[in-house]
Amino acid sequence: MAVILDGKELSKKIRGKLKEEVKELKEKAGRPPALAVVLVGNDPASEIYVRNKIKACGEVGIRSIERRLPANTLQEELNQVVRELNEDDTVDGIIVQLPLPEHLSCREVINYISPEKDVDGFHPVNAGKCLLGLYDEGLMPCTPAGVMKFFEEYGIELQGKNAVMVGHSNIVGKPLANMLLNANATVSVCHVYTDDLAHYTRNADILCVATGVPHLIKADMVKEGAVVIDIGISRVNGKIVGDVDFERVKEKASAITPVPGGVGPMTITMLLYNTVKAFKMRMG
Ligand code: GUN
């Protein structure tokens, strides 16, 4: 039976430390760290994510600023909102909640966010620092950074291990594959065009999955004793499920993240972490 990697517990621990730190920083600087969240339109999933982010800020003492824009906002108007937040000295972190309405380019608006305030870690400058392993000099994307915290916390060795990343998105797959490579794992990246996925996954000591395909990874695709990180989240018949067939895979793995309660809570925790980090970097 696998060790269950508990994202709620780890989040609680990190958020507890952040709360202390925020209190000290506020006393020193005369204001708390602040996160601005830009939400365009009213995608129901985005509404929930934004609400959770704002609630999490409040719990650790980070000030949050919500900027809601109508679904028919023009690109130039959205860019202008970001420009104003860049120039606002009392704002430390800026996120534009994705996805945007179809007529808007996320690439364009992300490029407008000042890299020093890009707490999602999506700006090309931060993506470059991630590639080079210059983690301390920039802001790293929250979900991959949260996964790396699991390896640290549970003492999971990466050097020399076969790590397989399934999914090659800009938000998760690519940066996490880089982080694993920077930790000296031997990394394979699989994706929707990969021929014979199981051939790769069966050889993985560390298997990370971020595809959004419910229960893509079955027990016969997993090596005995593997560490399995499930970064998928889908709703099937009203139930939240991951990309891994948890009930069967947990009998084979040495450690596994559940869905919900695994990687999910860590994403918001790392957003709080990045906001505090951005504040400290700006304050020198
Ligand atoms: N939509 C889904 N995940 C994310 C995220 O990590 N950041 C932002 N800004 N939007 C998202």
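Residues numbered from 1 in each chain as written. Predicted model: local features only at pLDDT ≥ 70, side-chain atom pairs only at ≥ 80, totals over all residues.

- Under an unreviewed UniProt entry, the name given to the chain is Bifunctional protein FolD, and the source organism is Phorcysia thermohydrogeniphila.
- You can read under Function (unreviewed entry) in the UniProt record for the chain the words "Catalyzes the oxidation of 5,10-methylenetetrahydrofolate to 5,10-methenyltetrahydrofolate and then the hydrolysis of 5,10-methenyltetrahydrofolate to 10-formyltetrahydrofolate."
- Here the chain is described in UniProt, under the heading Subunit (unreviewed entry), as follows: "Homodimer." (UniProt positions renumbered as here; feature names shortened; annotations may be inferred.)

1. Focus: the site of the ligand
Step number 1: Near the ligand you find Ile95, Val96, Gln97, Leu98, Asp120 and Cys142, and these make up its full shell.
Step number 2: Its residues assigned to classes, the shell around the ligand shows four nonpolar, one polar and one charged. (Near = placed C-beta within 6 Å. Nonpolar A, V, L, I, M, F, W, Y, C, P; charged D, E, K, R; others polar.)

2. Notes on the pairing of strand S5 (residues 162–166)
Step number 1: Among the five residues of S5, four are classified as buried, and the element is accordingly described as predominantly covered.
Step number 2: Here S5 pairs with strand S6 (residues 186–190) via five bridges, running parallel. For Ala163, the partnering residue across the bridge sits in S6 and is Val187.
Step number 3: Note that the unit made of S5, helix H7 (residues 173–182) and S6 has a crossover that is right-handed.
Step number 4: With four bridges joining them, S5 and strand S7 (residues 206–209) adopt parallel strand pairing. Looking at the pairing, Ala163 lines up with Ile206 of S7. (Buried ≥ 20, exposed ≤ 12 C-beta atoms within 10 Å, placed from the backbone. Helix = DSSP H or I, 4+ residues; strand = E, 2+ residues; numbered from the N terminus. Pairing = 2+ DSSP bridges. Right-handed = clockwise from strand over helix to strand, strands pointing away.)

3. Details of the pairing of strand S4 (residues 93–96)
Step number 1: Burial along S4 is two-sided: the residues Gly93 and Ile95 and Ile94 and Val96 are all buried.
Step number 2: Bridge count for strand S2 (residues 34–40) against S4 is four bridges, and the pairing is parallel. Bridge pairing in S4 places Ala36 opposite Ile94.

4. Notes on the packing of helix H1 (residues 7–29) against helix H10 (residues 263–283)
Step number 1: Close contact between H1 and H10 brings their axes to 9 Å; oriented N to C, the two are set at 20°. The angle between H1 and H10 falls in the class roughly parallel. For the element pair H1 and H10, the recorded crossing hand is left-handed. Residues Gly7, Lys8, Leu10, Ser11, Ile14, Arg15, Leu18, Glu21, Val22, Leu25 and Ala29 of H1 touch H10, and the partners they reach there are Val263, Gly264, Pro265, Met266, Thr269, Leu272, Tyr273, Val276, Phe279 and Met283. (Axes fitted to C-alpha atoms, helices over the stretch in contact; angles between N-to-C directions. Parallel < 35°, antiparallel > 145°, perpendicular 65-115°, else oblique. Left-handed = near helix turned anticlockwise from the far one by under 90°. Contact = placed C-beta atoms within 7 Å.)

5. Side note on the domain arrangement of the chain
Step number 1: Each domain of the chain was delimited in the assignment, giving domain 1 (30–114) and domain 2 (142–264).
Step number 2: Placing the centre of domain 1 and that of domain 2 at their C-alpha centroids yields a distance of 29 Å. (Domains from an automatic or database assignment.)

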